[in-house]
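The chain contents come next:
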Amino acid sequence: MSITIKPFRALRPAPEYVAKVASLPYDVVESSEVREYARNNKLSFLHVDKAEVDFSDNVDIFSPVIYQKAKENLDFLVCNKILIYDSQPNYYIYRIYRQGHVQTGLAGCVSVDDYERGTIKKHELTRHDREQDRLDHIKATKAHASPVLYMYRGDIFKGESPSEIMDKWANENKSVYDFIAIDGARHLLWVVDCLHVQELLRKTFGTVECLYIADGHHRSAAAAKAAQLYKDTDKDTEMQSKFFPAVLFPCSELKIFDHNRVVSGMNGMASTSFWESLGVVFEIQKSNTPVKPEYNYIFGMYFDNGWYKLSLKQRYVEKVSKQAVSKRFNTSVLHDYILNPILGISDLQTCNRIDFVGGTRSTKELEHRVNSGNMDFAFTLYPTSMDDLLTLSDTNEIAPPKSTWFEPKLCSGLLVHVLGV
């Protein structure tokens, strides 16, 4: 069985506005950062993706008025021709440069059916509140606001590969966008409007047996639920809701970083008992500098104004090595030996005592989250390897939420998929 990726009529920025519209993804920035980035830029897509920017700091970011405002802000961009519909369904080539790294992907619409049958493979659990947030956003705006980031094995093609086809098109045609985003990455986009090349890409990807979710588990799950909501509605909306936008990159071009944790509360445990429980499983070493683990099963912990290096004791390393792939992930080890048994965090999908911080943010961010009094602990992890991630996905195992962090990120607002168009 092969995957489906089809062209679509993107709603996207007029070229003269792209640098102002393009924003960081909704799940990368906190509400306080959103206000800073979008305060003096009414064209920023953050006004759509995280419409709480237009309200006071104490607003409930999941309230209905937020999603209604997102719809109003999207309509504003369309009515003022900041965002314009393409005249025909197209594929899009999306290339990102950052700090010597380059990755090139194909943007199109993937199928909800592929997601539900497992042809699109997920590797981690979702957080229920964030999944519901994206579903409510789709319902209000009647659009998929930004594409998800998927990957495929790039060494399976016998003939011309997608990368070769895309490189040829990019070399022979001018990009419609070429700008530097707020994260310092350079983003380029080409419109593939030639029907012959579209068919060539469609056939080439037709030999791909599966895709892997890199970044976008919550949006993928929300898209599948939205398709059920629009079942038996008007024909155009029902048909369009069966597809959602994605950018497909070869695995070899993507980079995985650590996805760290901050935690509040000690589960009613006295400090002495905490250290005793931790010492049963880990070798503990005080550090004068922030700890960024260089190997599996070593963790950094920031607590009580100090950093500690936690090394899983050898007998537990041997025990973990015999377990299923999902249990060998550092995120699972942290949960199974610290978060759950010691700090009392059993359900990572619903617990509000834990938050997740991407590894490209400095350890100063982790220290700030603790020193501010909002959190009590910060944990740094060694990043998941691509081989382990693919093995996990291929065996249909699932890791804890937020087990990976991919960068550079796709920009939001460049390729909106409106239902019924």
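Residues numbered from 1 in each chain as written. Predicted model: local features only at pLDDT ≥ 70, side-chain atom pairs only at ≥ 80, totals over all residues. Heavy atoms only, no water.

A.B. asks: What is the right way to look at the overall build of the chain in this model?
C.D. replies: Counting secondary structure elements, the chain contains 16 helices and 21 strands. Put simply, the chain has 421 residues, and 58% of those count as buried. Total accessible area on the chain stands at roughly 18,200 Å², and carbon and sulfur atoms take up 47% of it. Where the 50 positive side-chain charges of the chain centre and where its 54 negative ones centre are 1 Å apart. (Helix = DSSP H or I, 4+ residues; strand = E, 2+ residues; numbered from the N terminus. Buried < 20%, exposed > 50% of the residue type's maximum accessible area, 1.4 Å probe, protein only. Areas by Shrake-Rupley, 256 points an atom, 1.4 Å probe, with all protein chains shown as cover. Lys, Arg positive; Asp, Glu negative; His and termini not counted. Charge placed at Lys NZ, Arg CZ, Asp CG, Glu CD.)

A.B. asks: Can you help me understand the packing of helix α4 (residues 64–79) against helix α6 (residues 128–141) in this one?
C.D. replies: Each pair of packed helices can be summarised by the angle the axes make with each other and by the distance between the axes. Two elements in contact, α4 and α6, have axes separated by 8 Å at closest approach and are oriented at 45 degrees. If you check the angle between α4 and α6, you find them oblique. In the crossing of α4 with α6, the sense of the turn from one axis to the other is right-handed. On α6, the residues that touch Tyr-67, Ala-70, Lys-71 and Leu-74 of α4 are Asp-133, Asp-136, His-137, Ala-140 and Thr-141. Along the lines of polarity and charge, the residues of the contact of α4 with α6 split into four nonpolar, two polar and three charged. (Axes fitted to C-alpha atoms, helices over the stretch in contact; angles between N-to-C directions. Parallel < 35°, antiparallel > 145°, perpendicular 65-115°, else oblique. Left-handed = near helix turned anticlockwise from the far one by under 90°. Contact = heavy atoms within 4.5 Å. Nonpolar A, V, L, I, M, F, W, Y, C, P; charged D, E, K, R; others polar.)

A.B. asks: Even after reading the chapter, I still don't get the packing of aromatic side chains, so can you show me in this structure?
C.D. replies: Each pair of aromatic rings is reported with the distance of its centres and the angle of its planes. As enumerated under the stated definition, the model contains 14 aromatic pairs in all. Taken together, the ring pairs in this structure connect Phe-274, Trp-275, Phe-303, Tyr-308, Phe-377 and Phe-379 into an aromatic cluster. A cation sits over an aromatic face here: Arg-134 above Tyr-26, 3.8 Å from the ring centre. (Phe/Tyr/Trp six-rings, centres within 6.5 Å; stacked < 30°, edge-to-face > 60°. Lys NZ or Arg CZ within 6 Å of the ring centre and 35° of its normal.)

A.B. asks: Please clarify how the environment of Gln-228 should be interpreted in this entry.
C.D. replies: Note that Gln-228 resides in helix α9 (residues 217–229). You can call Gln-228 partly exposed: its relative accessible area is 48%.

A.B. asks: So what exactly am I meant to see when it comes to helix α16 (residues 386–394) here?
C.D. replies: For α16, the set of buried residues is Met-386, Leu-389, Leu-390, Leu-392 and Ser-393. Each buried residue of α16 lies within a common arc of 160 degrees when the element is viewed along its axis, so the set occupies one face. Next to the buried residues of α16 lie β6 (120–121), β8 (148–152), β11 (211–215), β13 (256–257), α13 (325–328) and β20 (405–406). Asn-396, located one to two residues past α16, shows a positive phi value of around 60 degrees. (Arc of directions from axis to C-beta.)

A.B. asks: Hey, could you run me through the sheet that holds strand β17 (residues 306–312) in this one?
C.D. replies: Backbone-to-backbone hydrogen bonds join strands into a sheet, with any given pair of strands oriented parallel or antiparallel. Strand order in the open sheet formed by six strands is β15-β17-β16-β19-β14-β18, with antiparallel pairing between adjacent strands. Lying at the two open borders of the sheet, with one neighbouring strand each, are β15 (282–287) and β18 (354–358). When the angles between neighbouring strand axes are averaged without regard to direction, this sheet yields 25 degrees. Pairing analysis gives six bridges linking β15 to β17, with the strands arranged antiparallel. By the bridge assignment for β17, Ile-284 is matched with Leu-310. (Pairing = 2+ DSSP bridges.)

A.B. asks: Which parts of the structure should I look at to understand the pattern of salt bridges?
C.D. replies: Where side chains of opposite charge bring their charged atoms close, a pairing between them can arise. Under the counting rule described, the total for this entry stands at 20 salt bridges. A salt bridge links Arg-134 to Asp-133, with the nearest nitrogen and oxygen atoms 3.0 Å apart. A relative accessible area of 9% places Asp-133 in the buried class. A single salt-bridge network, built from bridges that share partners, covers Asp-49, Asp-133 and Arg-134. (Salt bridge = Lys/Arg side-chain N within 4 Å of Asp/Glu carboxyl O.)

A.B. asks: I'm lost on the pairing of strand β10 (residues 186–192) in this one. Help?
C.D. replies: Within a regular strand, side chains alternate between the sheet's two faces. Most of β10 is tucked away: six of the seven residues are buried. Here strand β4 (residues 91–98) pairs with β10 via seven bridges, running antiparallel. Along β10, the bridge assignment pairs Tyr-94 with Leu-189. When strand β9 (residues 177–180) meets β10, the two strands line up antiparallel, connected through four bridges. Counterpart to Ile-180 in the pairing with β10 is Arg-186. What sits between β9 and β10 in their antiparallel hairpin is a turn of five residues, with Gly-184 showing a positive phi close to 90 degrees.

A.B. asks: Would you mind going over the packing of α6 against α9 with me for this structure?
C.D. replies: Between α6 and α9, whose axes approach to 8 Å, the crossing angle comes to 50 degrees. Taken together, the axes of α6 and α9 lie oblique to each other. For the pair α6 and α9, the sense of crossing is right-handed. Mapping the contact onto sequence places Arg-130, Glu-131, Arg-134, Leu-135, Ile-138 and Lys-139 in α6 and His-218, Arg-219, Ala-221, Ala-222, Ala-223, Lys-225, Ala-226 and Leu-229 in α9. The residue inventory of the contact of α6 with α9, partitioned by class, reads seven nonpolar, one polar and six charged.

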